[in-house]
Amino acid sequence: MSVILGLALGTGLLLIWWSFWPRKPRTVDPTPSKAQQLILRSGIPRLTVSGVVTLSAVLGCIVFICLTALTGAAPIGLCFGLFSAALPWGALSWQAKRRQTALREIWPDAIDNIRSAIRAGLTLPEALSQLADRGPEELRDAFSSFAVDYRAGARFGDALDRLKHTLADPTADRLVAALHVTREVGGADIGRLLETLSDFLRDDARTRAELEARQSWTVNGARLAVVAPWIILLLLSTQPAAAAAYQSIAGLVVLLAGMGISIMCYQLMLRLGSLPTERRVL
């Protein structure tokens, strides 16, 4: 009993002493990280950064163990394990680019739908909410969430901010900013503004599609040039004599140097062949 009373007294004195030291508030950075922005742009629900990191680590370990057991050369398994660990991030980037391309093509129709609803006499919340039923298929879930938020009692501005966060698209940012201004200060020319935005997006999508079609064969050829040596290495590693050549420090250095050069050339190819993309600034 005396031990329990002593511990209770010591705990109480510690809490009293602790109360004299004010706790510093934690500063939370509202800006999402690049990984979080990539996940938002991909449009995959309930996906977290920790989940992607875990998947990358598990996939890399599995490929490393399998290739090491198959070829008997740990350096080869290590290189392909690192490549496999980057596959989930590459898949996310591909999905984000694919979704951005799809949104670029359907945004003009969605904006025309909003403009027609406003001309018909609907309010801004009603014009946005009706896209949950009549808008493009890819945008219906986001605008359905907006309608639920607004009908649940959320303010129009807060519901718009959640919509912008859900869509994670530069065009959505501009549309939300225009609707914010219209809601706060009024805008008799909202129909003309939406019409101009819709025409601009159509012209931009048409021009970008032509440029991407012309450069696609060049980009695909560069990707094949980067991947081909590693495919040949994977095929040669099935031969014991070829795999034995890399079972040393020198072999590991050669493979790591080759991997570094491949990554550098691939990034350079992407930088030279990429078209300018809109950034989210609002």
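Structure first, text after, so check above.
Our subject in this report is the structure included herewith. Here the structure is a predicted model, which means the values were calculated and not measured.

Description of the nonpolar core
If you look at the biggest cluster of nonpolar residues, it comprises 28 residues, and the most contacted ones within it are Trp107, Leu128, Leu139 and Leu160. For this core, the secondary structure elements donating two or more residues are helix H5 (87-119), helix H6 (124-129), helix H8 (140-151), helix H9 (156-167), helix H10 (170-185) and helix H11 (190-236). It is H5 that contributes the most residues to this core, seven residues altogether. Val63, Ala73, Cys79 and Trp230 belong to the second largest nonpolar core, which has eleven residues in total.

Observations regarding helix H2 (residues 34-42)
Because each turn of an α-helix spans 3.6 residues, side chains separated by three or four positions in sequence point in the same direction. Ala35, Leu38, Ile39 and Ser42 are the residues of H2 that are buried. Take H2 and look down its axis: the buried residues cluster within an arc of 95°, on one side only. Of the residues flanking the end of H2, it is glycine 43, one or two places downstream, whose phi is positive at about 75°.

Quick word on H8
Between its first and last C-alpha, H8 extends 16 Å over twelve residues, near the 16 Å set by a 1.5 Å rise per residue. Among the residues making up H8, those that are buried are Ala142, Phe143, Phe146 and Ala147. Along the long axis of H8, the arc covered by the buried residues comes to 140°, so they all point the same way. In H8, the exposed positions angled more than 90 degrees off the buried face are occupied by Asp141, Val148 and Arg151. Following H8 by one or two positions, glycine 153 has its phi on the positive side, about 110°.

A few points about the packing of helix H4 (residues 74-85) against H11
Orientation of H4 relative to H11, taken along the N-to-C sense of each, is 140°, at an axis distance of 11 Å. The orientation of H4 with respect to H11, classified from their angle, is oblique. Here the hand of the crossing between H4 and H11 comes out left-handed. In this structure, H4 uses Ile76, Cys79, Phe80 and Phe83 to contact H11, whose residues at the interface are Trp230, Leu233 and Leu234. Each residue belonging to the contact of H4 with H11 can be placed in one class, and the counts come to seven nonpolar, no polar and no charged.

Cut-offs applied
Think of each chain on its own: its residues are numbered from 1, step by step along the sequence as written. Local features are withheld for residues below a pLDDT of 70 in this predicted model, meaning they are given only at 70 or higher, and side-chain atom pairs are given and counted only at 80 or more; totals for whole chains, interfaces and linings count all residues. Calculation of side-chain values draws on the structure's entire complement of heavy atoms; hydrogens and water are dropped beforehand. As used in this record, nonpolar core signifies buried Ala, Val, Leu, Ile, Met, Phe, Trp, Tyr and Cys residues forming a set joined through side-chain atoms within 4.5 Å. Buried residues are those whose accessible area, probed at 1.4 Å on protein chains only, stays under 20% of the maximum for their type, while exposed residues exceed 50% and partly exposed ones sit between those limits. Numbering of helices and strands runs from the N terminus, with a helix taken as a DSSP run of H or I at least four residues long and a strand as a DSSP run of E at least two residues long. The arc in question is formed by the directions pointing from the helix axis toward the C-beta atoms. By this rule the span expected of a helix is its residue count minus one, scaled by 1.5 Å. With axes taken as lines fitted to C-alpha atoms, and helix axes fitted only over the stretch in contact, angles between N-to-C directions fall between 0 and 180 degrees. Working rule for angles: under 35 degrees goes down as roughly parallel, over 145 as roughly antiparallel, 65 to 115 as roughly perpendicular, anything else as oblique. For any helix crossing, the convention is left-handed if the near helix is rotated counterclockwise from the far helix by under a right angle, and right-handed if that rotation is clockwise. Should any heavy atoms of two residues lie within 4.5 Å, those residues are considered in contact. Polar here means any residue other than Ala, Val, Leu, Ile, Met, Phe, Trp, Tyr, Cys and Pro, which are nonpolar, and Asp, Glu, Lys and Arg, which are charged; Gly is therefore polar.

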